[in-house]
Amino acid sequence: MGKLWELLRAHRELVSYGFWGVMTTAVNYTAYFLLTRIFHVYYLTANGIAWAVSVLFAYFVNKLFVFRSTDWAWRVALRELWQMVASRLFSGALELGLLWLFVDALRLPDGPVKIAANVVVIVVNYVLSKWIIFKKRA
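Residues numbered from 1 in each chain as written. Predicted model: local features only at pLDDT ≥ 70, side-chain atom pairs only at ≥ 80, totals over all residues. Heavy atoms only, no water.

**Side note on the pattern of salt bridges**
Thought 1: For the coordinates displayed, the defined rule picks out 3 salt bridges.
Thought 2: Across the pair glutamate 80 and lysine 63 runs a salt bridge whose closest N-O atoms are separated by 2.6 Å. With glutamate 80 in helix H4 (residues 74–105) and lysine 63 in helix H3 (residues 43–66), this residue pair connects regions lying 17 residues apart in the sequence.
Thought 3: Overall, the relative accessible area of 3% leaves glutamate 80 in the buried class. (Salt bridge = Lys/Arg side-chain N within 4 Å of Asp/Glu carboxyl O. Helix = DSSP H or I, 4+ residues; strand = E, 2+ residues; numbered from the N terminus. Buried < 20%, exposed > 50% of the residue type's maximum accessible area, 1.4 Å probe, protein only.)

Structure follows, in structure tokens:
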């Protein structure tokens, strides 16, 4: 158990990113299903709202728990939030592009392509978050 604990501690940021990524997905699905099933919101509208709620949630948990960004000056927080939204729009467009290319253009099965595209998106989101959005500034 000691070696596992050491390994988890050595890779705290990645483990935390994975955990909070799962929680962000849960927030997205919960918001979507509450809006569509309970409040009868049109599914595309509900999806947009759920995306916005989950990006906002991801911003706060990534800032606080994953990258431990402690600067709450309004200019810093606004910059980080804007970059988070922009990066998620970019990675969402990237995922759509990958799906179109490999499913529509190259006629590969959508299931494995969706999984592979999600892996690419997770890596891109982590890199953008670590090296741009929550980069430690001197």
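**Some thoughts on the packing of helix H2 (residues 12–38) against helix H5 (residues 110–133)**
Thought 1: At their nearest, the axes of H2 and H5 sit 12 Å apart, and the two run at 125° to each other. Put simply, H2 runs oblique to H5. Taken as a pair, H2 and H5 cross one another with a handedness that is right-handed. Across the interface between the two elements, Glu13, Leu14 and Tyr17 of H2 pack against Ile122, Asn125, Tyr126 and Lys130 of H5.
Thought 2: Its residues assigned to classes, the contact of H2 with H5 shows 4 nonpolar, 1 polar and 2 charged. (Axes fitted to C-alpha atoms, helices over the stretch in contact; angles between N-to-C directions. Parallel < 35°, antiparallel > 145°, perpendicular 65-115°, else oblique. Left-handed = near helix turned anticlockwise from the far one by under 90°. Contact = heavy atoms within 4.5 Å. Nonpolar A, V, L, I, M, F, W, Y, C, P; charged D, E, K, R; others polar.)

**A short note on the side chain of serine 54**
Thought 1: Relative to the helices and strands, serine 54 resides in helix H3.
Thought 2: Here tryptophan 51 takes part through its backbone oxygen, which lies 2.9 Å from a polar atom of the side chain of serine 54.
Thought 3: Not counting residues up to four positions away in its chain, the partners in contact with serine 54 are Thr24, Val27 and Asn28. (Polar contact = N/O pair within 3.5 Å; in protein donor to acceptor, adjacent residues only side chain to side chain.)

**Digging into the nonpolar core**
Thought 1: By size, the foremost hydrophobic cluster in this structure holds 12 residues: Tyr17, Trp20, Val55, Tyr59, Val61, Val66, Phe67, Ala77, Met84, Tyr126, Ile133 and Phe134.
Thought 2: Contributions of two or more residues to this core are made by H2, H3, H4 and H5.
Thought 3: The element that contributes the greatest number of residues to this core is H3, accounting for 4 residues.
Thought 4: Not counting chain neighbours up to four residues away, the residues in contact with tryptophan 20 comprise Phe57, Val61, Phe65 and Val66.
Thought 5: Within the second largest apolar cluster, 5 residues are counted, among which are Ala31, Leu35, Ala46 and Ala50. (Core = buried A, V, L, I, M, F, W, Y, C linked by side-chain atoms within 4.5 Å.)

**Focus on the packing of aromatic side chains**
A ring pair, where both rings are aromatic, is described by two values, the distance of the centres and the angle of the planes.
Thought 1: This model, assessed by the stated rule, comprises 13 aromatic pairs.
Thought 2: Ring geometry for phenylalanine 67 and phenylalanine 134: centres 5.5 Å apart, planes at 15°, overall stacked. Of this pair, phenylalanine 67 sits in the loop between H3 and H4 while phenylalanine 134 sits in the segment after H5, and the two are 67 residues apart along the sequence.
Thought 3: Take phenylalanine 67: its relative accessible area is 3%, and that puts it in the buried class.
Thought 4: Overall, the relative accessible area of 3% leaves phenylalanine 134 in the buried class.
Thought 5: Chaining the aromatic ring pairs together yields one cluster made of Tyr17, Tyr59, Phe60, Phe67, Trp72, Tyr126 and Phe134.
Thought 6: The aromatic ring of tryptophan 131 is capped on one face by lysine 130, whose charged end is 5.3 Å from the ring centroid. (Phe/Tyr/Trp six-rings, centres within 6.5 Å; stacked < 30°, edge-to-face > 60°. Lys NZ or Arg CZ within 6 Å of the ring centre and 35° of its normal.)

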